[in-house]
Amino acid sequence: MVRPYTITRGRTAPERDDLTLITVLTTDGDEAARALARGSRAGTRGLQPEHRMILDRCRRPAAVAEVAAGLDLPVSVTKILLGDLVAQGLLRARAPLSVARASGGVDLGLLTAVREGLRRL
């Protein structure tokens, strides 16, 4: 078992404060593929195994909470690792509302139906 402070190189807080549990993450395909192909080095900073697992997981859009659960790490530690990858240009972070707008907008009818279904429970 590796202690979280070892994975984060002693950092206890992420540099970015805009990563929420529902922030959607995707890899920058070309850059991420090149970083993974280079092995354990990406630019001047090395990629840790957790970084590589994040890049692999985020080939398809995933929320911060999903990534943390997949890594079996605390969300705070995961956010630090995600911030590293965003800073290196290997990962893109988008607020969930902007993703919904980009895909044609929020379906209010669907959201209303879900809300009413939950109320009936």
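Please refer to the structure placed before this passage.
Below you will find a few notes about this structure. Here the structure is a predicted model, which means the values were calculated and not measured.

**Comments concerning the pattern of salt bridges**
The final tally for this structure, using the stated rule, is four salt bridges. Linking Asp 56 and Arg 59 is a salt bridge whose minimum nitrogen-to-oxygen distance equals 3.4 Å. By relative accessible area, which is 45% here, Asp 56 ends up partly exposed. Taking relative accessible area as the criterion, Arg 59 reaches 56% and is therefore assigned exposed. Of the charged contacts, one joins Glu 116 and Arg 115 as a salt bridge, the two residues approaching to 3.4 Å between their closest N and O atoms. According to the relative accessible area criterion, Glu 116 is partly exposed, its value standing at 27%. Overall, Arg 115 belongs to the partly exposed group, its relative accessible area being 42%. Residues joined in a network through salt bridges with shared partners are Arg 115, Glu 116 and Arg 119.

**Thoughts on helix H5 (residues 75-87)**
Its 13 residues place the ends of H5 18 Å apart at the C-alpha level, agreeing with the 18 Å of an ideal helix rising 1.5 Å per residue. Backbone geometry just downstream of H5 places Gly 89 in the positive-phi region, at approximately 80°.

About the thresholds
- Residues numbered from 1 in each chain as written.
- Predicted model: local features only at pLDDT ≥ 70, side-chain atom pairs only at ≥ 80, totals over all residues.
- Heavy atoms only, no water.
- Salt bridge = Lys/Arg side-chain N within 4 Å of Asp/Glu carboxyl O.
- Buried < 20%, exposed > 50% of the residue type's maximum accessible area, 1.4 Å probe, protein only.
- Helix = DSSP H or I, 4+ residues; strand = E, 2+ residues; numbered from the N terminus.
- Expected span 1.5 Å × (residues − 1).

Structural measurements only, silent on function.
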